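# Overview (structure and organization)
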Amino acid sequence: MTLIYAGLSIGAVYALVAIGYNIVFIASHSFNFAQAQLMMIGAFVAYAGYVTFKLPLVAVLALAMVVVAAIAALEERIAIRPVSDHQTQLITTLGFGTVLTGVAQLIWGTQPKEVRVGVEPLSVLGGRTVPIEIALVVLAIALVVAINIYTRRRMGGLALVAMSQDEEAATLRGVDVRKLAFAAFAVTGLLAGLMGAVMAPRTFAITTLGTALALKGFVALAIGGFGSMWGGLIGGFTIGLVEQLVGRYLETRLDAHLSNLSIFVVLLLVLMIKPTGLFGRVQERTV
Amino acid sequence: MLALWAAVRKVPTWVFPAVVGLVVLVLPSLQPAYEVTRQIQLTLILALVVSGLNISLGYSGQLAIGQVAMYAAGAYTAGLLSSAGHTDLLLQIAAAGLAALVVGIVTGIPGLRLGSWSLAMTSFFLVLLVPDIVELFAEETGGHLGLATIMPPTIFGQALPDDAMYYVIAVVTIIWFAVFRNVVASRHGIAFQVLKQSPVLASSVGMSVFRTKLTGYAIGAVPAGFAGALLANLDLFVTPEAFSFHMATGTLAASILGGSVSVYGAIFGASVVEFGNNQSSSFAEYALVFFGAFLLIGGVLLRGGVAGLLRTGIRRLDRAAGIWPRPAPALAAGGDPATLPPIEGGALEVKDVAKAFGGNQALRGVSLRAEPGKVTALIGPNGSGKTTLLNLICGFYRRDTGTITVAGSSIDGASPHRIARLGVARTFQTPLIPPGVSVAEVVISGRYTSDRAGFLSAVLRSPKFRRVRRRDLARAEEVLSLVGLAHLFDIEAATLPLGQRRMLEVARALAREPKVLLLDEAASGLDEAEVETLATVIRRIRDAGCAVILVEHNFGLVLSLADHIVVLARGGVLAEGSPAEIESDVRVRDEYLGIVEPGDEPTDEGSATVPERTAR
Amino acid sequence: MTPLLDVRGLATGYGDIRVVWDVSFQVWPGKVTALLGRNGSGKTTSLRAVAGLNPVQGGQIEYDGRRIDRVAAHKRVKAGISYVQEGKRVFRQQSVEDNLRLGGYTLGVRRSALDADIDRVYELFPILEEKRRHPAGSLSGGQQQMLAIGQAIMARPRLLMLDEPSGGLAPSIVAEVMSRVSMLKESGLAILLVEQAVEAAVDVADHVTVLDIGKVTLSSAVGEISDLERLKDVCMGRVAAIEES
């Protein structure tokens, strides 16, 4: 069971990355490679706030959210808005993400930074876990639920989904598409800050984390389907569990790192067998 | 000043890089510092990897960016061979190239069916896996500690002297770049760019998208493999740390900085990145920031990189010096530009074709025949099924029942590029013209599959290649004269106004002497004078023997030009006959102006599957 | 009476594909102006330019006395221009009721405050109330057309532009739709109706403008058109109507 908890919590992190991808995808049909790096910055800000400046928890979360939201707004302006085709967008967001990683390295160095939210391990249902693991899973699920409610109940949410289906028709209903896409992106940043801060105790704040998260988050996205929040959640949990199980049972046998490889295999299987993912309606358009 | 420029430009362009290559070869005799030669070696090795990226990302437009994984594959292959006693360098280089080729093709597979993001992420993921795979076979590869059992290289049994690696690296790089250059400065380079612009376009000129993409992945992988083998033998040590994301990002940055769609840009980008890497360790801290900035700036502002800037600059100077654009090539003696040599046209026969989409019966039992040497117009209101029929003929849909034959050969089940090779050529409502190619090159791309010269011929510039090139150019002159664009031979095609781009598409379609020519709303957006010119050209094409099919809204044009008109309505043929007959047919008029029954093809007809059609 | 919409010498297209060369027409409050012509004549393109989706490359568009050539499309909605595109472009994955709420986006009120407006739409198109919770994609063509019009009305427009509302509908449904258009006209809306179906349009129009390859070939009050057959010929581009009169 301990394994399951570990798998679900890291899976929640992957799911959170996928959620970020999904929001941006729904809002503007773009792919933000820097999503994971935004979360990483959130983790570092949390470290700075909590460990370096010893701020209270709420302030740390707020700080992380605001800082990352501002960075995301900047990214939208310089890496997404001026670029119209998907190929180049991948490169510019990759570039932005790399800059973020580089800056983080400059400020905080390359060693992992521990964020101790000093709480004792618990024993739940025969497995050991720590509150932060539970918090991550709860956060991921809560976010998906919240987003689903928002897109169904609030005008902004309705407009976002409408925009995603038919941008021109949405414009003709009075929706300022560009502003909304920008706002969605900034909100993704806000959420990334929160997610990063919450994941810091589990994953530590490390600069090398960004790319691995970005790639595995993509696998979660591919499994769940582009644009599907629940899909991303399930996808994330799936690969989190696969990673942990492979790590426990296969790796100890062969004494090698197979977890990444197993996720890669999952990715290939999904892309070959069901490219639209479990719940996706949109197949990523062929170039 | 400009006269000096003109004199310099008379020298063939390849001379300049060749001189640089010579300098590199000669450099060691000047006794430079060790750092300099090492820097150059590392730059050249990196340039090889970057060149692969230029081929797959720049020229072919595929986000296959896992070159670093192929680099690793090459390095370990060479290293393992050496450790096992096979120290022959040439063998290692070849094996490394092969290993990289396999990796490149395998990881390219997602890109064959899926889109850019999946391909990019898959190829990037591979980079993540390098240390894991190395660790998996730690016994053989030395794991994360590195492979230290590499023995000094030999060639043909002779041990290489210490400083010989420099020459080997230089020679391999020079040879590879010559190959690279010869490939892209040929019809193959244009073919890649056609694919990059649009797979639909590529199919329509007969290119197999599948094969072309695979070729792009393969050629993009090989130099990375070579680079790996060279690295292994340079340091006699291979460690997985050399194949990190840091390196992958640096490689991508080098490609973008130098200009992804360029040959020598790879060398420039590599030298900048390698130079940076070699600076003080404090630079290493800033490295990622710089790489990221290169990618950002390159993606947003500097499209085309340094090479692009250079090209623009060179063009400006050329123009100022009066040496560009070159005057229209002289016509072959005795040729009359106003007529086309006879084309063996073929009849297009559609028999009882039906097609339904879900519940919608878009076409119900349509039959028509387009004769060679005649203009057959296909007209009809919205929802009549014109678009569906067009797409069926071109192979983008499969018909449910009935047959379609071109000059007697059935096209059932054939893919679009096969149908193009059977002799069906088409133009698009929105002209599909790749950027960065000249008018002549656009026309030549139409002949890519009708006259063959393989990659090897291109690389070696064999006599066969030269013959094909001469035929390409001659045919380009011929059809460009016909459509009145001969004076624009060298101009960048994408910069032309709409009317001329339309004509260029017609010229491209003619390049392969098609049996059937499909003109998809070729008159839309043209002013009266341009429509007149179009009509004249169409008449000449008809007189040459082609079967011309005109899908049109412009009623006046249709009435004046067509020999036979077929009117579609609600998925069936409403009427057919001569212009006079159709003009006076009240049913036709009422069909256009009446109420269309439900149950027809998807209502957004104008924006059907073929992605490039503009929405109305 | 001054027109609410006054388009003069309009030139527009897609990128550098010029489809409309020189088109002029007016629309008055409480009246229907029909824009007729075959497909490809530039009717939709003209509407798109008025809606702000295509750039104005020549001429001008005056709405309520002001030039709106450069106003962003989404802002024109708030100013009172509602455009119902051809092809029933409703949001298929969302419910009928959510679609209508989206129509009221520019009213800037909370979701629940739109109920009165939604009820008004249900009065006009009762079938929509029956299907209020169904996804819009599950409706029939005619119902989707009504939903699209309902959406447009939610924004409380002063100018309503309808692009081929008869498209893909059976004659009886077309008659129903057109009768609603008459009702809307009576309530004071200025209506610009683009149609290929000449008879259906003439039944409800007050003024008729015919386009052919991006130019106007006839512009006349409906009352002055005596020969429907001749009108149809003009629409087909067979007869140069302007010279004849």
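Bear in mind the structure is a predicted one, so any value in this text is a computation, not a measurement.

Attention now moves to the overall build of chain B. When helices and strands are tallied, chain B shows 25 helices and twelve strands. For 616 residues, the compact-globule estimate of 2.2 N^0.38 gives 25 Å, and the C-alpha radius of gyration of chain B, at 28 Å, lies within 12% of that figure. Here chain B holds 616 residues, and 54% of them are scored as buried. Expressed as a percentage of contacts within chain B between residues at least 6 apart in sequence, the contacts between residues at least 24 apart total 77%.

This part is about the overall build of chain C. When its secondary structure is counted, chain C shows ten helices and ten strands. Here the C-alpha radius of gyration of chain C, 18 Å, is about what a compact globule of 245 residues would show, namely 18 Å. Each of the three principal axes of chain C carries a C-alpha extent, and together these read 55 × 40 × 35 Å. A total of 245 residues make up chain C; the buried ones form 57% of that total. A sequence separation of at least 24 residues applies to 68% of the contacts in chain C between residues at least 6 apart.

With that settled, the discussion passes to the interface of chain B and chain A. Listed by partner, the interface residues are 34 residues for chain B and 38 residues for chain A. Of all the secondary structure elements, the ones that give two or more residues to the side of chain B that touches chain A are helix H5 (89–113), helix H6 (116–136), helix H12 (245–258) and helix H14 (281–300) of chain B. Of the residues assigned to the side of chain B that touches chain A, the class counts are 22 nonpolar, eight polar and four charged.

It is worth spelling out the packing of helix H9 (residues 209–224) of chain A against helix H11 (residues 259–273) of chain A at this point. All names here are of chain A. Relative to each other, H9 and H11 sit at 30 degrees, their axes nearing to 10 Å. In the crossing of H9 with H11, the sense of the turn from one axis to the other is left-handed. Judged by residue contacts, Lys216, Val219, Ala222 and Ile223 of H9 engage Ile263, Val266, Leu267, Val270 and Leu271 from H11. Broken down by class, the residue content of the contact of H9 with H11 amounts to eight nonpolar, no polar and one charged.

This part is about the confidence of the model for chain B. One rule of thumb: low pLDDT means the predicted coordinates there are not for detailed reading. Residues and elements named next belong to chain B. Per-residue pLDDT for chain B has a mean of 87; in total, 94% of the residues score no lower than 70. Mean pLDDT values over the elements of chain B span from 80, in helix H25 (residues 586–593), up to 95, in helix H18 (residues 439–445). In this model, residues 599–616 is a region of pLDDT below 50 whose contacts with residues beyond four sequence positions or in other chains number 49 contacts.

All names here are of chain C. Parsing chain C into structural domains produces domain 1 (5–80 + 157–244) and domain 2 (90–156). Placing the centre of domain 1 and that of domain 2 at their C-alpha centroids yields a distance of 24 Å. Tallying the contact residues gives ten residues for domain 1 and eleven residues for domain 2. Elements with a contribution of two residues or more to the side of domain 1 that touches domain 2: helix H2 (73–79) and helix H7 (171–186). For the side of domain 1 that touches domain 2, the per-class residue count stands at seven nonpolar, one polar and two charged.

Okay, the interface of chain B and chain C next. For an interface, size is often stated in terms of accessible area lost upon the parts coming together. With 25 residues of chain B at the interface, the matching set in chain C holds 30 residues. Elements supplying a minimum of two residues to the side of chain B that touches chain C: helix H23 (555–561) and H25 of chain B. Residues that form the side of chain B that touches chain C fall into these classes: nine nonpolar, ten polar and six charged.

Our focus in this paragraph is the sheet that holds strand E6 (residues 401–406) of chain B. All names here are of chain B. The strand order E4-E3-E6-E7 describes an open sheet built from four strands, whose pairing is antiparallel. Only two strands of the sheet have a single partner each, and these edge strands are strand E4 (360–370) and strand E7 (409–410). Where strand E3 (residues 348–357) meets E4, seven bridges bridge the pair, whose relative direction is antiparallel. Considered in E4, the bridge of phenylalanine 357 is made with asparagine 360.

Attention now moves to the pairing of strand E9 (residues 207–212) of chain C. Residues and elements named next belong to chain C. By the criterion of burial, E9 is predominantly enclosed, with six of the six residues buried. Here E9 shows two buried faces, one formed by His207, Thr209 and Leu211 and the other by Val208, Val210 and Asp212. Two elements, strand E3 (residues 32–36) and E9, share four bridges in a ladder whose sense is parallel. Counted as the bridge partner of leucine 35 is threonine 209 from E9. Bridging between E9 and strand E10 (residues 215–221) involves six bridges; their strand directions are antiparallel. Each bridged residue has a counterpart across the sheet, and for histidine 207 the counterpart in E10 is alanine 221.

Looking now at helix H6 (residues 141–154) of chain C. All names here are of chain C. Taking 1.5 Å per residue as the helical rise, H6 with its 14 residues ought to reach 20 Å, and the 20 Å between its terminal C-alpha atoms agrees with that figure. Counting buried positions over the 14 residues of H6 gives 13, a clear majority of the element. Trailing H6 by a residue or two, arginine 156 shows a phi angle of about 55 degrees, which is positive.

Rules of the game
Residues numbered from 1 in each chain as written. Chains lettered and ligands numbered in written order. Predicted model: local features only at pLDDT ≥ 70, side-chain atom pairs only at ≥ 80, totals over all residues. Helix = DSSP H or I, 4+ residues; strand = E, 2+ residues; numbered from the N terminus. Rg over C-alpha atoms; globule rule 2.2 N^0.38 Å. Buried ≥ 20, exposed ≤ 12 C-beta atoms within 10 Å, placed from the backbone. Contact = placed C-beta atoms within 7 Å. Nonpolar A, V, L, I, M, F, W, Y, C, P; charged D, E, K, R; others polar. Axes fitted to C-alpha atoms, helices over the stretch in contact; angles between N-to-C directions. Left-handed = near helix turned anticlockwise from the far one by under 90°. pLDDT = per-residue confidence, 0-100. Domains from an automatic or database assignment. Pairing = 2+ DSSP bridges. Expected span 1.5 Å × (residues − 1).

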